[in-house]
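Residues per chain, in single letters:
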2 protein chains.
Amino acid sequence: MVAASDDDSPDDGHTRSDKGSQPNVSTGMLSAVMEDYIKTIYAIESDSDGRVSTSALADHLEVTAPTVSSMLKKLEERGLVDREEYKGVTLTEEGELVALEIIRHHRLLEAFLTEQLDYDWADIHDEADRLEHHVSEELTDRIAEALGNPPVDPHGDPIPDADLSFPKESETIRLADADEGGRVTVRRIRHQGDAELRYLADAGVRPEVELTVVDVAPFGMVTVETPAGEQSLPEEIAQLIEVAPAAAADGVEV
Amino acid sequence: MVAASDDDSPDDGHTRSDKGSQPNVSTGMLSAVMEDYIKTIYAIESDSDGRVSTSALADHLEVTAPTVSSMLKKLEERGLVDREEYKGVTLTEEGELVALEIIRHHRLLEAFLTEQLDYDWADIHDEADRLEHHVSEELTDRIAEALGNPPVDPHGDPIPDADLSFPKESETIRLADADEGGRVTVRRIRHQGDAELRYLADAGVRPEVELTVVDVAPFGMVTVETPAGEQSLPEEIAQLIEVAPAAAADGVEV
DNA sequence: ACCCTCAATTAGCCTTGTCTAATTCTCAAT
DNA sequence: ATTGAGAATTAGACAAGGCTAATTGAGGGT
């Protein structure tokens, strides 16, 4: 009964055949590790234009440069990145699709964890990071449906559609650049680690919340009035918060 | 295990002092593969008393016997199995706890997929098999809570509590042993592959459904009246169905 | 132009989990 | 008691991902 013809387990990146021990090279079926590289290349590409360097990847992925170097060669062979020796890589079209797929998984998982399972907004990253590589497209789509195909995740980051295109984003400015006395709605919180998220969650600053900008100090410290009270935010933090004028964004719909 | 470290010559005490490698040894971090071995050992142990043989594991896991052999040594080192050379293994207490944890993950995931995401009852196995190794205890417990801590999964298999003890099970008999003309409620469907589940799902036979046993043929073919009509089930299938008298099991409580 | 530094790559080894081929052990049948 | 079949284990390889040490390339400063 080993017959199993369509036994697809995209799960571990091991050889899937019976006897022939034929490497799964061809297309499809990336290992979780490769997916992480692709996702990270995409992320770095997104906010620092140009090629992505070996060392930048090594930093983000917390592995050594030689490890990255050899993986980049494999990704190049798979046609997922364009590589120029000693210069770094960029994602190919196909690589970008893979990245978007993973981002879709990740953000929908985050939305699901917060909305259906009552997870704390600032505490969902690790769970989603692990799960994103193991949920099927089927499950992803069902989650999306259960949530009503949300355009953004709990941090306000846009969620690619099933066809992997981003929904239209609303216009935003940095909280650090807002006018004193202005009334704004938090739209998105950019983030890398968990520390800032924790900080903001505790301060009651999260997407959908309306703020009044009380004061912008000379060196960037921003004081805002939240529903929970007044909060002072260091500039580094204020830079991560994207807001829209509260008036223009009336209601809940966008 | 090959040449370097994994020889089990009686008097080869050290060799294990490598500095560079971070031994995840101590308890806690098992690989997904190891978890699969543990889970499978538990499953085989459950319905065929005694030690679990290398070849039985090789069959179930679809790997070769030498692969199993070397893995069993590792599991023994981790204290998860008791191993007797050439005789097979049994789970230690600790190994059993690991197994129960995985079973809890698996069955709660199955329940969640069917109840909250509208998955087809017979189609959840693969998804749960992949995910069970990657969901945290936190997530597992939240899922359990969201479902109201169900005692059984969609196949009627009992779900271990958070403390890993099984809930009390209701008394059942095999459908194949039921009296002709009797009225019964389906309690549980035992299964290994997906084929029988598909068969039964299509026949409208699933847990909670009430059946009337129309006929039990000499060689085991059982004919039942389901809400959807009359169905004839081969003996192999009827043996997988556990039922309780519909009268005795009135309501939902037991 | 020439160095010197630092990033990137190559070389070589490790650990997991898997495989095939060869060997060894067990046990039931003679 | 012996033996032979079949199960289990050992031996040796391999692919994936990782690491350290050594080497090579790219560029900026003088």
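Residues numbered from 1 in each chain as written. Chains lettered and ligands numbered in written order. Predicted model: local features only at pLDDT ≥ 70, side-chain atom pairs only at ≥ 80, totals over all residues. Heavy atoms only, no water.

1. Points about the relation of the copies chain B and chain A
One chain copy maps onto the other through a rotation about an axis and a shift parallel to that axis. Superposing chain B onto chain A takes a rotation of 180° plus a shift of 0.0 Å along the axis, which leaves an RMSD of 0.1 Å. On this basis, the relationship between the two copies can be described by a two-fold rotation axis. With an isologous cut-off of 70% or more, the 94% of interface residues of chain B that recur at the interface of chain A puts this contact in the isologous class. (Least-squares fit on C-alpha atoms with pLDDT ≥ 70 in both. Contact = heavy atoms within 4.5 Å.)

2. Description of the interface of chain B and chain A
With 17 residues of chain B in contact, the opposing surface of chain A contributes 19 residues. For the pair chain B and chain A, the summed buried surface comes to about 1800 Å²; carbon and sulfur atoms form 60% of the total. On the chain B side of the contact with chain A, Leu 117, Arg 130 and His 134 of chain B bury the most area, a combined 34% of that side's loss. Across the contact surface, chain B and chain A share 0 salt bridges. On inspection of chain B and its partner chain A, the count reaches 11 residue pairs in polar contact (both at pLDDT 80 or more). For the side of chain B that touches chain A, the residue count by class is 9 nonpolar, 2 polar and 6 charged. (Buried area = accessible area lost by both parts, 1.4 Å probe. Salt bridge = Lys/Arg side-chain N within 4 Å of Asp/Glu carboxyl O. Polar contact = N/O pair within 3.5 Å; in protein donor to acceptor, adjacent residues only side chain to side chain. Nonpolar A, V, L, I, M, F, W, Y, C, P; charged D, E, K, R; others polar.)

3. Section: the protein's contact with DNA strand D
The local shell around DNA strand D holds 24 residues, among which Ser 31 and Thr 67 of chain A together with Ser 55, Ser 69 and Lys 73 of chain B are the closest. Among atoms of DNA strand D positioned within 4 Å of the protein, sugar and phosphate together represent 75%. In the environment of DNA strand D, a phosphate oxygen lies 3.2 Å from a nitrogen or oxygen atom belonging to the side chain of Tyr 37 of chain A. One of the side-chain N or O atoms of Thr 54 of chain B is found 3.0 Å from a phosphate oxygen in DNA strand D. Contributions of two or more residues to the surface near DNA strand D are made by helix 1 (32–46) and helix 3 (65–77) of chain A together with helix 2 (54–61) and helix 3 (65–77) of chain B. Classifying every residue of the surface near DNA strand D by side-chain character gives 11 nonpolar, 7 polar and 6 charged. (Near = heavy atom within 4 Å. Helix = DSSP H or I, 4+ residues; strand = E, 2+ residues; numbered from the N terminus.)

4. Focus: the environment of Ser 232 of chain A
Residues and elements named next belong to chain A. In this structure, Ser 232 sits in strand 7 (residues 229–233). Classification of Ser 232 by relative accessible area gives partly exposed; the value is 37%. Look past the residues within four positions of Ser 232 in its chain and what remains in contact with it is Tyr 199, Met 221, Val 222 and Thr 223. Only 3.1 Å separates the side chain of Ser 232 from the side chain of Thr 223, close enough to count as a polar contact. (Buried < 20%, exposed > 50% of the residue type's maximum accessible area, 1.4 Å probe, protein only.)

5. Focus: the pairing of strand 1 (residues 81–84) of chain A
As paired strands, strand 1 of chain A and strand 2 (residues 88–91) of chain A are joined by 4 bridges and run antiparallel to one another. The partner of Arg 83 of chain A across the bridge, within strand 2 of chain A, is Val 89 of chain A. (Pairing = 2+ DSSP bridges.)

6. Observations concerning the pattern of salt bridges
Across all of its chains, the model carries 33 salt bridges over all chains by this definition. For Glu 208 of chain A, the salt bridge goes to Arg 187 of chain A, with nearest N and O atoms at 3.9 Å. Taken together, the residues Glu 208 of chain A in the loop between helix 7 (195–203) and strand 5 (210–216) and Arg 187 of chain A in strand 4 (residues 183–189) connect sequence positions 21 residues apart. The salt bridge partner of Arg 130 of chain B is Glu 127 of chain B, with a shortest N-O separation of 3.4 Å. Taken together, the residues Arg 130 of chain B and Glu 127 of chain B, both in helix 5 (residues 125–131) and 3 residues apart, mark about one turn of the helix. Pair check on accessibility: Arg 130 of chain B and Glu 127 of chain B agree, each one buried. Each of Lys 39, Asp 129 and Glu 132 of chain A takes part in a single network of salt bridges with overlapping partners.

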